[in-house]
Amino acid sequence: IVGDPITGCDEKGFGVNIRGALVFVIRGGCSFEEKVRRIQKIGGAAAVVVNTRGKVTAMTAGEGGAKDIKIPVVMVEKGSIEVETETHLALSLCP
């Protein structure tokens, strides 16, 4: 499911039901830690952060180490998944 908002950074939560879902969000707007906490709190099963800035970078866990985050999260390179609209993603295989 594509997060709504697509950044995953709205304090009010998501405009779509993400319970039990793999949730796609884009980089930016708030920290990686904040995005994943929101997704986890609302019941998302896992998160994929689509990098919007060049190559994949390390996702930092913040000062506390994000020990409360239990769901899996991964970042994928820009170009491997493209955001077509605010509700659709296109998956392309990287060579």
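Scoring rules and cut-offs
Residues numbered from 1 in each chain as written. Predicted model: local features only at pLDDT ≥ 70, side-chain atom pairs only at ≥ 80, totals over all residues. Heavy atoms only, no water. Pairing = 2+ DSSP bridges. Helix = DSSP H or I, 4+ residues; strand = E, 2+ residues; numbered from the N terminus. Axes fitted to C-alpha atoms, helices over the stretch in contact; angles between N-to-C directions. Contact = heavy atoms within 4.5 Å. Buried < 20%, exposed > 50% of the residue type's maximum accessible area, 1.4 Å probe, protein only. Lys, Arg positive; Asp, Glu negative; His and termini not counted. Salt bridge = Lys/Arg side-chain N within 4 Å of Asp/Glu carboxyl O. Polar contact = N/O pair within 3.5 Å; in protein donor to acceptor, adjacent residues only side chain to side chain.

Draft legend 1. Here's a closer look at the sheet that holds strand β1 (residues 22–26). Taken together, three strands build an open sheet; the order of strands is β1-β2-β3 and the sheet is parallel. What marks the edges here is a single partner per strand, and that holds for β1 and β3 (73–76). The average angle at which neighbouring strand axes cross in this sheet is 25°, direction not considered. Sheet analysis places β1 next to strand β2 (residues 46–50), joined by five bridges and oriented parallel. Note on β2: the bridge partner recorded for F24 is V48. In this fold helix α1 (residues 32–42) packs onto β1, β2 and β3, with an angle of close to 150° to the strand it touches most, β1.

Draft legend 2. Region of the structure containing the side chain of K35. Note that K35 resides in helix α1. The buried charged residue K35 lacks any salt bridge, with E34 as its nearest oppositely charged partner at 8.5 Å. Reaching out from K35, the side chain makes a polar contact with the backbone oxygen of I26 at a distance of 2.9 Å. Those residues in contact with K35 that sit more than four places away from it in its chain are T7, G8, C9, V25, I26, R27, G28 and C30.

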